[in-house]
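Listed below are the residues making up each chain.
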Protein chains: 2
Amino acid sequence: MGAVDRIEPDPRDAVKGAGLVIIATPVRSIATVLEQIGPALEEGTVVTDTGSTKSDVLRWAQRLLPGGVSFVGGHPMAGKETQGIQAAEAALFREKIYCVIPSVDAPERAIRTVLGLVETLGATAWFIDADEHDQYVAAISHVPLVASAALFAMARGSKAWNDLAPLASSGFRDTTRLASGDPDMAADIFATNRQAVVHWLDRFLAELQAFRDLVASESEVAEQDHDKRLTTAQLQREEFLVGRFDRGAPRAPIDLPSTSTSFVDLLVGGRMAQRFRDAQRILDSDARDRAEQMSRDVRRDIERNGNGSGNGRG
Amino acid sequence: MGAVDRIEPDPRDAVKGAGLVIIATPVRSIATVLEQIGPALEEGTVVTDTGSTKSDVLRWAQRLLPGGVSFVGGHPMAGKETQGIQAAEAALFREKIYCVIPSVDAPERAIRTVLGLVETLGATAWFIDADEHDQYVAAISHVPLVASAALFAMARGSKAWNDLAPLASSGFRDTTRLASGDPDMAADIFATNRQAVVHWLDRFLAELQAFRDLVASESEVAEQDHDKRLTTAQLQREEFLVGRFDRGAPRAPIDLPSTSTSFVDLLVGGRMAQRFRDAQRILDSDARDRAEQMSRDVRRDIERNGNGSGNGRG
């Protein structure tokens, strides 16, 4: 496919002279990779990742990377159930949300480098803090994964499977698609996001149980209730599909303050996300245009200078 | 789209002079339609439906259709979450399984008429009895529908929805797609397939609960267990996708006996499906070729004669 220029079996060799390092492995392997490459990284290198969960990753980066190396976590919201270089897709990230989670001490230059990467891929950067990220993806990625696997296992485990399977059509295929995902990736997700996954699974179980009880009841009230639930879900999903929900202000890197200190002050610490959104609300509607201009500038810098805006190692 | 030639607001007018009547409404409305059209149907007319469940439909047909009118139930396994004529798709049924459920007294001619319809659509006929059908679709259609709706409701009901929604990508979209289905259709499914849906929902809840407990546990044994479950699901779903499951013999209308009596004897009564499959197993591998030839013949007959092979009313 022409997607790979060079393969280095040893991560230490792979990162030699790199200005930007992207770690794209199952989450727990990121700790191993960080440990291996740490001593080999040069001053000023920016490290990012694409891991499914973020709190542990940011802790590992803090502990395992040397001073002078910056970590800015990343998570492109563009999953596929297929793996490996054969499943590569040039447009995979286009128009997708790309979560950006800077470490506490990441300088503006490092954040801009990762924003440049996001922009180059055609994705939209989305600032979020690590704990918030992990809670949210538990709901919209990890619980759907468990639901998919459990649904498939329920049908596959039946003695009637050979009679069921031929009747299974697109509905069953779509709802069980995530059961085809990489089990190693899933194991790492559960290990690094246990509490959030269990919390949302309990909510899902409660929803399901309530629905089950309504279906089991023959009363008219119960029928009206599950009918109302389904009608509401249908309407609300339509709103979701057309993007009609209150996004708040865009979590885009708009109106960057000129010094890295104030930018970091704004972005990180405690409930970074809320403060960032509050700050955004006061900005005018031209903000996104300016953000796009800035992103274009960053991209042009990258194209001119090689692997990172202002990285200086070109 | 050119898909509709004529619209008749009154079903009695719509069926006037028809050789084949196809009722495509939510399940419980089929009873109403059968009741309305019964007196207007001419001797020899074949009535079929596309309802999501079959046991009640066959009972209603038995009770509400006059003698001399035949009912052969149908259920094309090609669902979409969209409704109405705008969602029509010429190739919707192509290469899909089309369940065919003849009533006890349907003559061979009536069955052949519906088989001709199935073949014309490019689908594959699949003989099955009504109770078996309802059990199976509960597992592979109705529980996935409930799972989809519950998953969507779980996320949508959260106070954090506006922050969750932007992160929701293809995984969430696919696993919640069925939540966009027609609520009336769903209500009718639950009302006419209550026991089977509850049975499979309980199995699904048990699978989910087991998975939830494994994720909650921090023990290595638990991790090995959920890892094994996911690895197994991944492999088995791959087998499912490539169609590698024991289909038994094809449930196609192969080797039709020459008299309608023996054909009906073979097809219906008690556990029709099992007996039919047993019978199929002794047939040689040329059977499918002959079935296809027969289907082509039926189609040619339809093309020549209008709306039904041997229907005689052109």
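Counting starts from 1 at the beginning of each chain's written sequence and moves along it residue by residue. As they are written, the chains are lettered A onward and the ligands numbered 1 onward, keeping that order. Given that this is a predicted model, residues contribute local features only at a pLDDT of at least 70 and side-chain atom pairs are listed and counted only at 80 or more, while totals for whole chains, interfaces and linings are drawn from all residues. Heavy atoms throughout the structure, all of them, feed into the side-chain values; hydrogens and water do not.

Engineer: For this particular structure, what's the right way to read the interface of chain B and chain A?
Structural biologist: Many authors give the size of an interface as the accessible area that is lost as the parts come together. Any two residues whose heavy atoms approach within 4.5 Å at even a single point are treated as in contact. Taken together, the contact between chain B and chain A spans 89 residues of the former and 90 residues of the latter. Summed over both partners, the accessible area (1.4 Å probe) lost when two parts come together is defined as the buried area. Surface buried jointly by chain B and chain A totals about 8,500 Å² across both partners, of which 66% is contributed by carbon and sulfur atoms. When the buried surface of chain B facing chain A is broken down by residue, Met154, Leu167 and Arg237 of chain B rank first, second and third, together holding 9% of it. Throughout this description, the term salt bridge denotes a Lys or Arg side-chain nitrogen within 4 Å of a carboxyl oxygen of Asp or Glu. At the junction of chain B and chain A, the tally comes to six salt bridges. Here Asp202 of chain B ties to Arg212 of chain A by a salt bridge, and the two come within 2.6 Å at their closest N and O atoms. Pairing of N or O atoms within 3.5 Å defines a polar contact, subject to two protein rules: one partner must be a possible hydrogen donor and the other a possible acceptor, and residues neighboring in sequence count only if both atoms are side-chain atoms. The interface formed by chain B and chain A contains 26 residue pairs in polar contact (both at pLDDT 80 or more). Secondary structure elements follow DSSP: runs of H or I no shorter than four residues count as helices, runs of E no shorter than two count as strands, and numbering proceeds from the N terminus. Contributing elements (two or more residues each) for the side of chain B that touches chain A: β4 (97-102), α5 (130-156), α6 (161-164), α7 (170-175), α8 (183-192), α9 (194-216) and α10 (220-241) of chain B. The element contributing the most residues to the side of chain B that touches chain A is α9 of chain B, with 16 residues.

Engineer: It is not clear to me how the sheet that holds strand β3 (residues 70-76) of chain A should be interpreted in this structure. Could you clarify?
Structural biologist: Think of a sheet as strands paired side by side through backbone hydrogen bonds, with each pair either parallel or antiparallel. All names here are of chain A. A pair of strands is treated as paired once DSSP finds two or more bridges between them. Spatially, five strands are ordered β1-β2-β3-β4-β5 in an open sheet, and the strand pairing comes out mixed. At either end of the open sheet lies a strand with only one pairing partner, and these are β1 (20-23) and β5 (124-127). Within the sheet, the average angular offset between the axes of one strand and its neighbour, ignoring direction, is 30°. Alignment of β1 against strand β2 (residues 46-49), held across four bridges, turns out to be parallel. Geometry is summarised by axes, namely lines fitted to C-alpha atoms with helices restricted to the contacting stretch, and by angles between N-to-C directions that run from 0 to 180 degrees.

Engineer: Please explain the packing of aromatic side chains as it appears in this structure.
Structural biologist: Geometry of an aromatic ring pair is reported as the spacing of the ring centres plus the angle between the planes. Planes of paired rings set the category: under 30 degrees apart is stacked, over 60 is edge-to-face and the rest tilted, where pairs are Phe, Tyr or Trp rings (Trp by its six-membered ring) whose centres lie within 6.5 Å. As enumerated under the stated definition, the model contains 17 aromatic pairs over all chains in all. Look at Phe172 of chain A and Phe240 of chain B: their rings are 5.6 Å apart centre to centre, the planes differ by 85°, and that puts the pair in the edge-to-face class. In this pair, Phe172 of chain A is assigned in helix α7 (residues 170-175) and Phe240 of chain B in helix α10, connecting two distinct chains. No difference in accessibility class separates Phe172 of chain A from Phe240 of chain B, as the two residues are buried. When the centroid spacing of 6.5 Å and the interplanar angle of 75° are considered together, the rings of Phe204 of chain A and Phe204 of chain B count as edge-to-face. Of this pair, Phe204 of chain A sits in helix α9 (residues 194-216) while Phe204 of chain B sits in helix α9, placing the two residues on different chains. Accessible area is worked out with a 1.4 Å probe on protein chains only. A residue is then buried under 20% of its type maximum, exposed over 50%, and partly exposed in between.

Engineer: Help me understand the packing of helix α10 (residues 220-241) of chain A against α5 of chain B, please; the structure alone is not making it clear to me.
Structural biologist: Packed helices, taken two at a time, are described by their axes: the angle between them and the distance between them. As a packed pair, α10 of chain A and α5 of chain B sit with axes 10 Å apart at the nearest point and diverge in direction by 65°. By the angle between their axes, α10 of chain A is roughly perpendicular relative to α5 of chain B. As α10 of chain A runs across α5 of chain B, the sense of the crossing is left-handed. Only Ala149, Phe152 and Arg156 of chain B of α5 of chain B make contact with α10 of chain A, whose side of the interface consists of Leu230, Ala233, Gln236, Arg237, Glu239 and Phe240 of chain A. Under the grouping applied here, Gly and all other residues not named as nonpolar or charged are polar, the nonpolar ones being Ala, Val, Leu, Ile, Met, Phe, Trp, Tyr, Cys and Pro and the charged ones Asp, Glu, Lys and Arg. When its residues are assigned to classes, the contact of α10 of chain A with α5 of chain B shows five nonpolar, one polar and three charged. Any angle that is under 35 degrees is reported as roughly parallel, and any over 145 degrees as roughly antiparallel; angles of 65 to 115 degrees are reported as roughly perpendicular and all others as oblique. Each helix crossing is assigned a hand: it is left-handed if the near helix lies turned anticlockwise from the far helix by less than a right angle, otherwise right-handed if that turn is clockwise.

Engineer: I keep staring at helix α2 (residues 27-37) of chain B and nothing clicks. Help me out?
Structural biologist: Each turn of an α-helix holds 3.6 residues, which means side chains three or four residues apart point in the same direction. Within α2 of chain B, the full set of buried residues consists of Val27, Ile30, Ala31, Val33, Leu34 and Ile37 of chain B. Buried-residue contacts for α2 of chain B involve α1 (11-14), β1 (20-23), β2 (46-49), α3 (55-64) and α8 of chain B.

Engineer: Would you take a moment to explain the confidence of the model for chain A for this structure?
Structural biologist: Interpreting fine coordinate detail is not advised for predicted regions of low pLDDT. Residues and elements named next belong to chain A. Each residue gets a pLDDT score, which is the predictor's confidence in that residue and runs from 0 to 100. In the predicted model, chain A carries a mean pLDDT of 83, and the fraction of residues at 70 or more is 78%. Per-residue pLDDT stays below 50 along residues 253-291; that stretch engages in 65 contacts with residues further than four places along the chain or on separate chains. Here residues 306-314 is modelled with pLDDT under 50, and outside its nearest four sequence neighbours on either side it reaches 26 contacts, counting other chains as well. For this predicted complex, the interface score ipTM comes out at 0.78, while the overall pTM is 0.78.

Engineer: Would you mind going over the relation of the copies chain B and chain A with me for this structure?
Structural biologist: Both copies of the chain are placed relative to one another by a rotation about an axis and a shift along it. Least squares is the method used to superpose the copies, on C-alpha atoms of residues holding a pLDDT of at least 70 in both. Between the two copies, chain B and chain A, the superposition gives an RMSD of 0.0 Å; the rotation angle is 180° and the shift along the axis is 0.0 Å. The transformation relating the two chain copies, once decomposed into turn and shift, fits a two-fold axis. Relative to the rotation axis, the closest C-alpha in chain B is found at Thr175 of chain B, a distance of 2.1 Å. Of the interface residues in chain B, 100% have counterparts in chain A that sit at the interface too, so the contact is made through matching surfaces.

Engineer: Just checking my understanding: could you explain the sheet that holds strand β3 (residues 70-76) of chain B for this structure?
Structural biologist: Residue and element names in this part refer to chain B. Spatially, five strands are ordered β1-β2-β3-β4-β5 in an open sheet, and the strand pairing comes out mixed. On the outer flanks of this sheet lie β1 and β5 (124-127), each paired with one strand and no other. The mean angle between the axes of side-by-side strands here comes to 30°, regardless of whether they run parallel or antiparallel. Bridge count for β4 against β5 is four bridges, and the pairing is parallel. When the sheet's bridge partners are listed, Tyr98 is paired in β5 with Ala125. Here α3 sits on the sheet in contact with β2, β3 and β4, set at roughly 160° to β3.

Engineer: Would you mind showing me how to read the environment of Ala130 of chain B here?
Structural biologist: All names here are of chain B. Assignment of secondary structure puts Ala130 in helix α5. Here Ala130 falls in the buried class, since its relative accessible area comes to 12%. With 31 residues separating them along the chain, Ala130 and Cys99 place their C-alpha atoms 9.7 Å apart. Look past the residues within four positions of Ala130 in its chain and what remains in contact with it is Lys54, Ser55, Leu58 and Ile101.

Engineer: How do you make sense of the pairing of β2 of chain A when you look at a structure like this?
Structural biologist: Note on strand geometry: in a regular strand, side chains alternate between the two faces of the sheet. Residue and element names in this part refer to chain A. Side chains Val46 and Thr48 of β2 all project onto a buried face; the interleaved residues Val47 and Asp49 project onto the opposite face, where all are buried too. Seen with its strands pointing away from the viewer, a crossover is right-handed if its path from the first strand over the helix to the second goes clockwise. In terms of handedness, the path from β1 via helix α2 (residues 27-37) over to β2 forms a crossover that is right-handed. By the bridge criterion, two bridges tie β2 to β3 in an arrangement that is parallel. Considered in β3, the bridge of Val47 is made with Phe71. In the classification by handedness, the crossover that spans β2, the intervening helix α3 (residues 55-64) and the parallel β3 is right-handed.

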